[in-house]
Structures are given as C-alpha cells and as structure tokens.
Amino acid sequence: MCGIFAYTGSKGKNAATVLMDGLLSLEYRGYDSAGIFLPESGNVKTPGAVTELRKKVPKEFKGKSGIAHLRWATHGEPTEANAHPHSDCTGQIMLVHNGIIENFKELKARLEKTGHIFVSDSDTEILVHLVEEHMKSENDFEKAALAALNEVRGTYGIAMQYKHEPERIIAARMGSPIVLGLGDKEHFIASDPSPILPHTRTVVFLEDGEVAVITPDKHRIFKLDSTGVHRSPENIEWNAEEAQKGGYEHFMLKEIMEGPEVIENTLRGRLVVDKGNAKLGGLESAGAQLENVDRIVVVACGTASYAGLVGEYMLEEHAKIPVEVEIGSEFRYKKPVINEKTAVLAISQSGETLDTLEAVREGKRRGALTLGIVNAVGSTIARETDAGVYNHAGPEISVASTKAFLSQMTVLALLTMFLGRLRGMTQEEGQEIARALKELPAKVQRILDNRQKIEALAKKYIKNRDFLFIGRKYNYPVAYEGAIKLKELSYIHAEGCGAGEMKHGPIAMIDENFPTIAIVTKDSMYEKMISNIHEIKARKGPVIALASEGDSDIAKLVDDCLYVPETIEMLSPILNVVPLQLFAYYFAKEKGLNVDRPRNLAKSVTVE
Ligand code: M6R
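Residues numbered from 1 in each chain as written. Predicted model: local features only at pLDDT ≥ 70, side-chain atom pairs only at ≥ 80, totals over all residues. Heavy atoms only, no water.

Enquirer: What is the right way to read the site of the ligand from this model?
Expert: Around the ligand sit 14 residues, and of these Ser-348, Gln-349, Ser-350, Thr-353 and Glu-488 come closest. Separating a nitrogen atom of the ligand from a backbone N or O atom of Val-399 is a distance of 3.3 Å. Between an oxygen atom of the ligand and a main-chain N or O atom of Ser-401, the distance comes to 2.8 Å. Summarising the interface, the protein chains cover 90% of the accessible area of the ligand, which totals 410 Å² for the free molecule. Listing elements by their share of the shell around the ligand, those giving two or more residues are helix H10 (302–319) and helix H17 (476–490). For the shell around the ligand, the per-class residue count stands at five nonpolar, seven polar and two charged. Lining the shell around the ligand are residues from two domains, each supplying at least three of them: domain 2 (253–447) and domain 3 (450–590). (Near = heavy atom within 4 Å. Polar contact = N/O pair within 3.5 Å; in protein donor to acceptor, adjacent residues only side chain to side chain. Areas by Shrake-Rupley, 256 points an atom, 1.4 Å probe, with all protein chains shown as cover. Helix = DSSP H or I, 4+ residues; strand = E, 2+ residues; numbered from the N terminus. Nonpolar A, V, L, I, M, F, W, Y, C, P; charged D, E, K, R; others polar. Domains from an automatic or database assignment.)

What follows is the structure, encoded as structure tokens:
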C-alpha cells in the first residue's frame, strides 16, 4: 500500500506546497520513501517520509502541477533509487504507482532488448519505460499511456505526467484505489480523499479498468478499451481522518475489512495451481541449504507466534517436516539445540520486534539457516535473515494485528506447499490446497458481510468480565489469538485453551457468568469439540459456537452461534479468526475504549 497524490491547477497555488501538505495525510499508507516531481522544477526523492522530503526540496521548487508519492516497499529496498516518481530513459515521463506489476520480468527483458536502461529494482519503473516505448509509435502521451496499461498485469493505482504537457495528468486504477478531486480551476488525483479534502469535497472514485485525464479545468474518464465513462461526482462528508480510515471508524476495522484483498496480495504471483505448488522467489537465495533442512524452529511473539503454531500443524501434516514454535523472548535464554540443518523461521509484521530479532541472531550464532516472514520491507529482521517471504499486507496501523495474521498464515500455507512438494507431497494434494487458497478471499468477504451479527453478540455479552476461547488442532492457536485480541483491546480476562486441556484445570472456572467461545467448525476434531462443549454446558457455562455454515444441530446445543464458510482443515484458521477479530473489535468499541491504541501497548516492540 503506497500513497499517491497529484495536482494540476491554474489558481496560482504552488503545486509543491499542495502536494507536500497532502502527502502528510497519506503517511499512514507508507513511509519508507517519498518523492515529488514538478515539470517546472524537477524530481526529488528520498528514503524516509515527508519530513525527509521537505529537507531535500529546495526553496525555489515551484510549479503549477506535479505528482508525488509515499512508498510502502514491495519490490526492492526503500532506497532513493527505488523511490517514486520513476522516470523513463529521457526524464520526460514520470510516474507514481501503488500496486504490483506482475509481468514485470518479461516486460523488462523485452524493454532491455530495445535499449531501455533501468536504474532501480522497482517493478514500477517498467511501466514508465513501457509508456516511453509506446510514445515512439503513438507520438501521443495519452495513447502511449493507454497502450502501456493494456500490456501490464497486476494491480495499480497510478498517476503519470509528461514534462512537455505539464497541465495534463493521467491516472488509472486496477485493484488499487484512485479518487479524483474536482475543484474550481484545479483537479487532483489521490489514493484516498484525505489530501483532497482541504481543497474540494467533490470527488469521483475510479473503478477498476478505468483511466482518467485531468487538467486544471476538466476531467475525462474512459475504460482501457477507450470507451467513455460518465460518472456523477459525489460530495464527501468525511473529515480527513475518516478518509484515511476509508470511512471506517477505526483503522482496526478497516484492516479487518481489507482481509480479502490482503490474502489476494499475499498469493499474487506465488500460487501455481496447475502444478500444485508455490513459487517463493524470496527463498531462492537459500537454495540447497533449504533442501537440506530437517527441522524448522519458528521464532515469533504474540499474534505472530500463533500464526507460527498454525504453521506448525500445516508443515508437519502436509510437508512432513518437524516444526517447533518458540516465543522470541525465551529462545535465546534456553540454550537451544540447533545446527546448520535447522531453519530458524522468524515471523514478524513489523520486522523490528527485538525479541524475535535476537532469536534470529541466536539462530545465526548457532549456524542455522535463518528465514523470515515479514511484512515491513527493508526492516531489520528482513535484512538480517538469509532469505524470506514478504507478506505484502500493506502497513498495519492499529496496534492489534489483524490483516497481518491472515497474511502470515497464508504465507505459511504457501511454504507448506513449497516444502511439501520437495518432500513428496503429491501434485493432487498441492492442487487441493492451491484451489482452497484461491477461494479464501471470497469466503472471508462472506464473513465480513455478516459482521452486524457479531456486533450484536458483542453487545449481548458486554457485561462479562471473563471469556474462554477453545479450539483443537489447527484451531487451538486460533483460540489463543481470539483471547489475546479481546484482552489487549478490552482489558478484560480472556484465556485461550486447547479444548482437550479443559479437564486438566480450566474447566474449574466455568459457571453461568463465564462464557466460552468454542471453535467447532466441521473438521477432524468436530466430534471431540462437541464433547468438550457438552462438558461446559453441564456446568452451566454459556457457549458461543463458531460453526460451519449449514450446521444446524450445533445451534440446539449452544447459547449463540456464528457461522463461517467451510474450507479444507489446514486453512480453516484463516477464516475462523475473522469473527474473533470482529468480536474483539466490537466489544472494545462498545466499551468506549481506544481501539487503535490500547493502553500500555506499542505497535512495534523494540525493547526487551
Ligand atoms: O511486529 P510483530 O509481528 O513482530 O509483533 C509481534 C507482537 O508484538 C504482536 O503480534 C502483538 O502481539 C499484537 N499486539 C497482537 O495484536
């Protein structure tokens, strides 16, 4: 997720000021690097966010139009060369992009043959050179842009500008949001309305496959096949902060709602359905050492460690490789027995969690291969591990980790296919997992569409001070995750428990004031979970069941029931956690607490 902002006007405003001020309100979308291009003044880029850019932009940097960008790195480290705007060979065409160009490798090879020189590792740079290439035959910026867009695959929200036509800016959308701001003798393009709102509240949202051209006085929208589009402008009532949250009340809800898109982004370009395999380019550098690995030790903290536990079940059952999950804060103190045949796999959204980082360093000291599943590109864990897989989940702002958890489990499923196929997993088994993965975004969406029911349930149980979450096998870590979400956001007592462990202690707590949320979807542990629920009901404990769609019997046994779509057992945690995230969200909201910034916690824990 990156932020783009573009401006063209004839009101005498300095585009540099408009763009820099606007970038500030987009900083939540990315802060690895920033850049600005004004046809009348040039191109300035820097690692870091807007404050760094301000330091670099000279006082005389002025103009009537321009494009600007904040980057959340996906392809390539957060360096100046990889920062946007990207330029063609001549420096005449400039482009900012939010998204991923999937066919960048083949396009780059073709363009290099015709003499194009690339200066960055970014997939975006390919697109601007492609426009340059089409300019040779089309001799028209708009036609060249359209021809190039028709050749790329992937996701994009873009704005591009041609130095010799400074008034005109072209935008396009495919999977990444673009909104046009329609002002009086000025027009805007942005990733969300927040930078536009100080200037105008009249906007038009582009839809996928649409292109827009803005000049100070007008805008035009058309499709990739050039057919015209007429869309009536809307009036935005939100304030800038609400706009950043996409109209949602909190970042946490926005991030939960991004679930389907996040899974798609995590899978993009990695799933080889027909071969029943996964392509994980980031692991290529680990090569032969990875094939020699006979054991994986996952190191992670909090929510990331619960993703690791789900991964343990996936990898052991389907890739037949022994896996242990170690809490980052313990690992380096326990004299772990590891060697060069061990892979120490760090899972971290931020890539900066000190305990996880130190566990990686401990693994290195002991000769292990170190791997990472990290969301923040260029973060310390990403840099210090030997190889890894990025989540591509986009920045997670809310302290409670939600979309990153979905993405971490999705990567672990891909890793299971990748390692499994090296260790005897059949093509058919791989294909079954691949097909089920592809179906997940739509299934998560179905759960999200039903969120009012979860909100009502949170309201019903709002007076309770204790909650138990139970699950088994793949869903035992999900029970832990449901509990951590509720306690960190609502400051009440919540415990996760493997349902089979109830009889060894926790069941003593159960009475009519101690509700249990039981994950009882149709899988290999269903009958056992039903028995566990009976044991709780026999002690008058209220039970909320998280069950599979169509399971009407369960409703007769429990007090309340939430339904989720079915999937294969190993992927069920990716669906089952979503209602628990929503339950914790609505519970904390109902209590009037600061959902995005719970007390005593930080988003990135860089202390021991
Ligand atoms: O950035 P990381 O994934 O390494 O963070 C690990 C934990 O601090 C994090 O998951 C924490 O448990 C969250 N607050 C849970 O919502």
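Additional details are given in the paragraphs that follow.
Enquirer: Hey, could you run me through the domain arrangement of the chain in this one?
Expert: Along its sequence, the chain is carved into domain 1 (3–244), domain 2 (253–447) and domain 3 (450–590). Placing the centre of domain 2 and that of domain 3 at their C-alpha centroids yields a distance of 25 Å. Across the boundary between the two partners, domain 2 contributes 32 residues, which contact 30 residues of domain 3. Counting the surface lost from both domain 2 and domain 3, the interface buries some 2900 Å², and carbon and sulfur atoms represent 74% of this. Taken as a group, Tyr-306, Tyr-313 and Ile-447 account for 24% of the area that domain 2 buries against domain 3, more than any other trio of residues on that side. (Contact = heavy atoms within 4.5 Å. Buried area = accessible area lost by both parts, 1.4 Å probe.)

Enquirer: Would you mind going over the sheet that holds strand S23 (residues 493–498) with me for this structure?
Expert: Paired through backbone hydrogen bonds, the strands of a sheet run either parallel or antiparallel to each other. Read from one edge of the open sheet, five strands run S23-S22-S24-S25-S26, paired in parallel fashion. On the outer flanks of this sheet lie S23 and strand S26 (560–564), each paired with one strand and no other. On average, each strand axis in the sheet is tilted by 20° relative to the strand beside it, whichever way the strands run. Note: strand S22 (residues 466–471) against strand S24 (residues 516–519), three bridges, orientation parallel. By the bridge assignment, Ile-470 is partnered in S24 with Ala-518. (Pairing = 2+ DSSP bridges. Axes fitted to C-alpha atoms, helices over the stretch in contact; angles between N-to-C directions.)

Enquirer: I would appreciate a short explanation of the nonpolar core in the present structure.
Expert: Soluble globular proteins: nonpolar side chains tend toward being buried together. Counting 93 residues, the largest nonpolar core has Ile-296, Leu-437, Phe-467 and Leu-571 as its most contacted members. Here this core gets 12 residues from one element, more than from any other, and that element is helix H20 (residues 572–590). When residues of this core are assigned to domains, at least three map to each of domain 2 (253–447) and domain 3 (450–590). Core analysis: the next-biggest nonpolar cluster, separate from the first, contains 30 residues, Leu-130, Val-131, Tyr-156 and Met-160 among them. (Core = buried A, V, L, I, M, F, W, Y, C linked by side-chain atoms within 4.5 Å. Buried < 20%, exposed > 50% of the residue type's maximum accessible area, 1.4 Å probe, protein only.)

Enquirer: Hey, could you run me through the packing of helix H16 (residues 451–460) against H20 in this one?
Expert: Packed helices, taken two at a time, are described by the angle between their axes plus the distance between the axes. In contact at an axis separation of 8 Å, H16 and H20 are set at 50° when each is read in the N-to-C sense. Our classification of the angle between H16 and H20 gives oblique. Judged by the sense of rotation from one axis to the other, the crossing of H16 with H20 is right-handed. Within the contact between the two elements, H16 uses Arg-451, Ile-454, Glu-455, Leu-457, Ala-458 and Lys-459 and H20 uses Pro-579, Leu-582, Phe-583, Tyr-586, Phe-587, Lys-589 and Glu-590. (Parallel < 35°, antiparallel > 145°, perpendicular 65-115°, else oblique. Left-handed = near helix turned anticlockwise from the far one by under 90°.)

Enquirer: What is the right way to look at the environment of Val-272 in this model?
Expert: Here Val-272 is to be found in strand S15 (residues 271–272). Judged by its relative accessible area of 23%, Val-272 is partly exposed. Separated by 14 residues in the primary sequence, Val-272 and Glu-258 have C-alpha atoms spaced 24 Å apart. Residues within four places of Val-272 in sequence aside, it is in contact with Asn-277 and Lys-279.

Enquirer: What's the story with the pairing of strand S12 (residues 210–214) in this structure? I'm lost.
Expert: Taking burial as the measure, the five residues of S12 include five buried ones, the bulk of the element. Residue alternation in S12 divides its side chains into two sets, Glu-210, Ala-212 and Ile-214 and Val-211 and Val-213, and both sets are buried. Where strand S8 (residues 169–174) and S12 come together, five bridges link them in antiparallel fashion. Bridge pairing in S12 places Ala-171 opposite Ala-212. Strand direction decides the pairing type here: S12 and strand S13 (residues 219–223), joined by five bridges, are antiparallel. Bridging from a neighbouring strand, Val-211 pairs with Phe-222 of S13.

Enquirer: Help me understand the pairing of S26 in this model?
Expert: Along any regular strand, the residues point their side chains to alternate faces of the sheet. Across the five residues of S26, four count as buried, placing the element largely inside the fold. Across five bridges, strand S25 (residues 543–548) lies against S26 in parallel orientation. Bridging across to S26, Ser-548 finds its partner in Val-564.

Enquirer: What am I meant to see in unusual backbone geometry here?
Expert: Leaving glycine out, the prevailing phi sign among residues is negative, and the prevailing peptide bond configuration is trans. Residue Pro-85 is bonded to the preceding His-84 through a cis peptide linkage, with omega at 0°. In this structure, Pro-85 sits in the loop between strand S4 (65–71) and strand S5 (86–87). Of note, the phi angle at Lys-320 is positive, near 55°, even though the residue is not glycine. Residue classification places Lys-320 among the exposed positions, given a relative accessible area of 61%.

Enquirer: Help me understand the environment of Leu-546 in this model?
Expert: Tracing the sequence through the fold places Leu-546 in strand S25. Between the C-alpha atom of Leu-546 and that of Leu-448, which follows or precedes it by 98 residues, the distance is 14 Å. Beyond its immediate stretch of four places on either side in the chain, Leu-546 contacts Ala-518, Ile-519, Val-520, Thr-521, Leu-562, Val-564, Asn-576, Pro-579 and Leu-580.

Enquirer: Which parts of the structure should I look at to understand the packing of aromatic side chains?
Expert: Two aromatic rings, taken as a pair, are described by how far apart their centres are and by the angle between their planes. Under the defined criterion, the tally for this structure stands at 12 aromatic pairs. With a centroid separation of 5.7 Å and an interplanar angle of 70°, the aromatic rings of Phe-467 and Phe-583 are classed as edge-to-face. Separated by 116 residues along the polypeptide, Phe-467 in strand S22 and Phe-583 in helix H20 bring together distant segments of the chain. Each member of the pair, Phe-467 as well as Phe-583, is classed as buried. Between the aromatic rings of Tyr-585 and Tyr-586, the centroid separation amounts to 5.0 Å while the plane-to-plane angle is 70°, which identifies the pairing as edge-to-face. For the pair Tyr-585 and Tyr-586, one class covers both residues: buried. The rings of Tyr-306, Tyr-313, Tyr-474, Tyr-476 and Tyr-480 are connected pair by pair, giving a single aromatic cluster. For Lys-522, the ring lying beneath its charged end belongs to Tyr-526, and the centroid distance is 5.0 Å. Cation over ring: Arg-599 sits above Tyr-491, and NZ or CZ is 3.9 Å from the ring centre. (Phe/Tyr/Trp six-rings, centres within 6.5 Å; stacked < 30°, edge-to-face > 60°. Lys NZ or Arg CZ within 6 Å of the ring centre and 35° of its normal.)

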